[in-house]
Amino acid sequence: MKLPSIFRRTPFRLTLLFLALFAASASALLAYIYVATASEARRRADSDVRQEVSQLESIYRAQGPDGLNQALVDRTLRGGEFLFLLSDKDGKPITGNISESPIVGFTGRETWEDFRLSQTDDEGKVERRPARGVEKPLGTGERLFVGVDIGDAEQHLGRITQALWGAGALVVLLGLGGGVLISRGVERAMGNLNQVVAAVRDGDLHARAPVRGARDEFDELALNLNAMLDRLEASVAAIRHAGDAVAHDLRSPLTRMRTKLEVALIDAESGKADAVQALETALSEADGLLKTFNTVLAIARLEAAGQAPNQTVFDAADLAADLAELYEYSAEEHGIDFQAEIQKQLPMMGAREFVAQALANLIDNALKYTPEGGAVMLRARRKASGEVEFSITDTGPGVPEEDRQRVVQRFVRLENSRSEPGSGLGLSLVAAVAHAHGGRLELDEGPGVVDGKGPGLRVALVFPPA
Amino acid sequence: MRVLIVEDDLEAAAAMQRGLNEAGLETTHAPDGAEGLIEAQKGGYDVYVVDRMMPRLDGVSMVETLRREGDQTPVLFLSALGEVEDRVVGLKAGADDYLVKPYAFAELIARVEALARRRETGSVQTVLKVGDLEMDLIGRTVHRAGTEIDLQPREFQLLEFLMRHAGQSVTRTMLLEKVWEYHFDPQTNVIDVHISRLRSKVDKGFDKAMLQTVRGAGYRLEG
């Protein structure tokens, strides 16, 4: 996919913004340093000059013009940083180390001035250096000029400024380069994430974002994105599986019903069977099919959701007692000794309706497969682990160990049970209910072979503690 | 008895009307919730049979609107959704009963009649009487022609429900839902066994069998 131009990418824009801010504040800082240093240099020059002037003035006051003249000659000979010029009242130079006063149009009052000093160095190159000085009238009308060369300070300042500009340029360059690099890195991370999102948008749920191992927010985003996709993919797969399962599971009962209807039609046409009776049979077949459909749908939904809906805390003891009461007479009718052993107070968390149905399926099964004269025992208890266990033990033929896994699957019916009515979905639903509660379904051998009966089956439905 | 059928599936509505007419009920059909609401607001109905999912105005919204307006006519919700939460939503909206599609006519008719009848006996009763059968709801005793009948608590509840719907067919599913409060379909006919126990207590030794089996539908208590 096409990425936006570098100038439109966030990290690069941020870099530019940062650089602009940096340049502005660096310029301000530079200006401040410049002004501060320049005024400091000038202040020092002024103070030096003033000190020198006051020294010369005191000489003048003490020794008169000749004394001052002598002092100036001495100073000139001795060398030094100062420039001197003593002029008479008409401005004609008397003594000094410069030929004329740089101050033009002296008004007779103390005058400060910046000026340029032309100097010829050893190689004959003329250098103009900045200088500053003051011209002051003396008591008898002479004028004294004292100045100082501030070229060194100015040069120093210039070098600093230059260095700072250079550093600034370097920072901007490095900043831009860094910005591009950071932008690339971020863009790569974002690009990866964007690619994944685009792939998912186009229907590829397998796409996953690479985790770079940097443990930064991009990795975190990638991990979260991947977790979200895992979950989404699982849900979609579960839904697809549920749909497939429903379609698959209904094909054979539908086919069977169609065949029966066709046979009934032929029989009715040939007068072998009564049409009304054929319709009644067809109707009850359809009812059976709908029941199957509802069960398949319930199983598929439980499996797809992974969790039973509308869970509440209820007393499993109450539920077990209720169901025992519901089935008590049916068991008697079947000639089966039905007993219930229920511990008191068994709070559990679950969808009561589904748990009731699962338990009813188990009791139904036990009554269906236990021959007359047998016994069925319903127990509800809290295990040492805190789990709530419902168990139904019968004295029927049981389920051979090798078939126990299989009978839980949908539509699996063992050879010897085919004659009994049923869809082969009862245990599948029970297992689905158990899983949807984080519980399990256990199949074991019953009490064993007694008087030619048995070995029986013990089915336990175990739910985690509330 | 007048029944308003609000159902967008015209074929299903026509079949439903036939079934209910056959049972002696007068029916009117509205093809969606909005029309149903207008029809219901005209008044004069004993029961509304409302499909949950319809264009323009769905069943839940329609019933909520009627209940807000103070219309207390019993409502039977029809729905293709059989999940527990769907039933809870329907009942919360103000429906009185909930029937999952597809259903047998016998089931529909029994439920519509039960709802319509419930309306007639609105006052609180302490004694129920059907023929020579008498139930004292406070003393929790049952007598038939002066002879006390000893009943288990669940048998008492079962008989109470039958007496409240005396003369009407009640289906096994209705009994399982209203007396035992289970909303699933047990494989074996547990209800039949309970009825036959109750029958042996109520009818044994009397000439007239009150607790009758209605073929293809369920049971009926006749006075």
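The rules behind the values
- Residues numbered from 1 in each chain as written.
- Chains lettered and ligands numbered in written order.
- Predicted model: local features only at pLDDT ≥ 70, side-chain atom pairs only at ≥ 80, totals over all residues.
- Heavy atoms only, no water.
- Helix = DSSP H or I, 4+ residues; strand = E, 2+ residues; numbered from the N terminus.
- Buried < 20%, exposed > 50% of the residue type's maximum accessible area, 1.4 Å probe, protein only.
- Contact = heavy atoms within 4.5 Å.
- Areas by Shrake-Rupley, 256 points an atom, 1.4 Å probe, with all protein chains shown as cover.
- Phe/Tyr/Trp six-rings, centres within 6.5 Å; stacked < 30°, edge-to-face > 60°.
- Lys NZ or Arg CZ within 6 Å of the ring centre and 35° of its normal.
- Salt bridge = Lys/Arg side-chain N within 4 Å of Asp/Glu carboxyl O.
- Buried area = accessible area lost by both parts, 1.4 Å probe.
- Nonpolar A, V, L, I, M, F, W, Y, C, P; charged D, E, K, R; others polar.
- Pairing = 2+ DSSP bridges.
- Polar contact = N/O pair within 3.5 Å; in protein donor to acceptor, adjacent residues only side chain to side chain.
- Patch = residues over 30% accessible without salt bridge, like charges linked within 9 Å, V, L, I, M, F, W, Y side chains within 5 Å.
- Axes fitted to C-alpha atoms, helices over the stretch in contact; angles between N-to-C directions.
- Core = buried A, V, L, I, M, F, W, Y, C linked by side-chain atoms within 4.5 Å.

Draft legend 1. The overall build of chain A, seen in detail. Along its length, chain A carries seven helices and twelve strands. Of all 466 residues assigned to chain A, the portion counted as buried reaches 39%. The long-range fraction of contacts in chain A, counting pairs at least 24 apart against all pairs at least 6 apart in sequence, stands at 63%. For chain A, the exposed area adds up to about 26,700 Å²; of that, 55% sits on carbon and sulfur atoms.

Draft legend 2. Representation of the packing of aromatic side chains in the model. Under the criterion given, the structure shown has six aromatic pairs over all chains. Here the aromatic rings of F82 of chain A and F84 of chain A are separated by 6.2 Å at their centres, their planes lie at 40°, and the arrangement is tilted. Relative to F463 of chain A, the ring of F390 of chain A has its centre 6.0 Å away and its plane inclined at 80°; by these criteria the two rings are edge-to-face. Taken together, the residues span a long stretch of sequence, with F390 of chain A in strand β10 (residues 388–394) and F463 of chain A in strand β12 (residues 457–463) at a distance of 73 residues. The class for F390 of chain A is buried, based on a relative accessible area of 0%. The ring of Y45 of chain B carries R2 of chain B above its face, with NZ or CZ at 4.4 Å from the centroid. Geometry around F206 of chain B places R144 of chain B over its ring, the cationic atom sitting 4.2 Å from the centre.

Draft legend 3. Region of interest: the pattern of salt bridges. Tallied over the entire structure, the rule returns 44 salt bridges over all chains. For E233 of chain A, the salt bridge goes to R208 of chain A, with nearest N and O atoms at 2.6 Å. Pair noted here: E233 of chain A is in helix α3 (residues 217–269) and R208 of chain A is in the loop between α2 (151–201) and α3, with a separation of 25 residues, a long-range link. A salt bridge links D51 of chain B to K101 of chain B; the shortest N-O distance between them is 3.0 Å. A residue pair is termed long-range when its members are at least 10 positions apart, and D51 of chain B in strand β3 (residues 47–51) and K101 of chain B in the loop between β5 (97–100) and α5 (105–120) qualify at 50 residues. Connected through salt bridges with shared partners, the residues R381, K383, E389, D444 and R458 of chain A form a single ionic network.

Draft legend 4. Local environment of the interface of chain A and chain B. The partner chain B presents 24 residues to the 24 residues of chain A that form the contact. Interface of chain A and chain B: buried area, both sides summed, is about 2,400 Å²; carbon and sulfur atoms make up 51% of it. At the boundary of chain A with chain B, the tally comes to four salt bridges. Between R215 of chain B and E280 of chain A there is a salt bridge whose closest N-O contact spans 3.6 Å. The set of elements that each furnish at least two residues to the side of chain A that touches chain B consists of α4 (275–305), α5 (316–333) and α6 (352–369) of chain A. With ten residues, the single largest contributor to the side of chain A that touches chain B is α5 of chain A. Across the side of chain A that touches chain B, the residue classes break down as nine nonpolar, four polar and eleven charged.

Draft legend 5. Main features of the pairing of strand β12 (residues 218–221) of chain B. All names here are of chain B. When strand β10 (residues 169–171) meets β12, the two strands line up antiparallel, connected through three bridges. For V170, the partnering residue across the bridge sits in β12 and is Y219. In terms of strand pairing, strand β11 (residues 211–214) meets β12 through four bridges, oriented antiparallel. Paired with Q212 across the strands is R220, a residue of β12. Between β11 and β12, which pair antiparallel and follow one another directly, the connecting turn spans three residues, one of which, G216, has a positive phi of 75°.

Draft legend 6. Representation of the side chain of D32 of chain B in the model. Residues and elements named next belong to chain B. Among the secondary structure elements, D32 is positioned in the loop between β2 (26–30) and α2 (33–42). Separated by 2.8 Å, the side chain of D32 and the backbone nitrogen of E35 make a polar contact. Polar side-chain contacts of D32 include one of 3.2 Å to the side chain of R56. If we skip the residues at most four places from it in the chain, D32 touches V6, M54, P55 and R56.

Draft legend 7. Structural view of a nonpolar patch on the surface. On the surface, L14, L17 and L21 of chain A cluster together into a nonpolar patch covering about 320 Å² of accessible area. Mapped onto the secondary structure, L17 of chain A falls in helix α1 (residues 10–78).

Draft legend 8. Just the sheet that holds strand β1 (residues 2–6) of chain B, in detail. Residue and element names in this part refer to chain B. Ordered by their spatial adjacency, five strands build an open sheet running β2-β1-β3-β4-β5, and the pairing between neighbours is parallel. Each end of this open sheet is capped by a strand with a single partner; those strands are β2 and β5. Going from strand to strand, the sheet's axes swing by 20° on average, the running direction of each strand aside. As defined by bridge partners, β1 adjoins β3 across four bridges and the pair is classed as parallel. Bridging from a neighbouring strand, V6 pairs with V50 of β3.

Draft legend 9. Local environment of unusual backbone geometry. Across the junction of K101 of chain B and P102 of chain B, the peptide omega takes the value -5°, indicating a cis bond. Relative to the elements of secondary structure, P102 of chain B occurs in the loop between β5 and α5. Unusually for a residue other than glycine, N310 of chain A sits at a positive phi of about 50°. Among the structural elements, N310 of chain A can be located in the loop between α4 and β6 (312–315). Positive phi values are uncommon outside glycine, yet A145 of chain B reaches one of about 50°. With respect to the secondary-structure elements, A145 of chain B resides in the loop between β8 (141–144) and β9 (147–149).

Draft legend 10. Just the side chain of H437 of chain A, in detail. Residue and element names in this part refer to chain A. Looking at the element boundaries, H437 is found in the loop between α7 (426–436) and β11 (440–445). In this structure the side chain of H437 is engaged in a polar contact, spanning 2.9 Å, whose partner is the backbone nitrogen of A351. When residues no more than four places from it in sequence are discounted, the contact partners of H437 are A308, Q311, M349, G350, A351, F354, V355, F463 and P464.

Draft legend 11. Summary view of the sheet that holds strand β7 (residues 337–342) of chain A. All names here are of chain A. Strand order in the open sheet formed by five strands is β7-β9-β10-β12-β11, with mixed pairing between adjacent strands. The outermost strands of the open sheet, each flanked by one partner alone, are β7 and β11. For this sheet the average axis-to-axis angle between neighbouring strands, irrespective of direction, equals 15°. Summarising the sheet, β11 and β12 pair through six bridges and their orientation is antiparallel. Note that in β12 the partner of E442 across the bridge is A460. Packed onto the sheet, α6 meets β7, β9 (375–382), β10 and β12 and runs at close to 15° relative to β10. Each of β11 and β12 touches α7; the most contacted strand, β11, lies at about 130° to it.

Draft legend 12. The arrangement of the nonpolar core in detail. Of all hydrophobic cores here, the largest spans 90 residues; its most connected members are L323, F390 and L461 of chain A together with L159 of chain B. No other element matches α6 of chain A, which puts ten residues into this core. When neighbours within four sequence positions are excluded, F390 of chain A is seen to be in contact with A316, L319, A320, M348, V355, L359, R379, A380, V459, A460, L461 and F463 of chain A.

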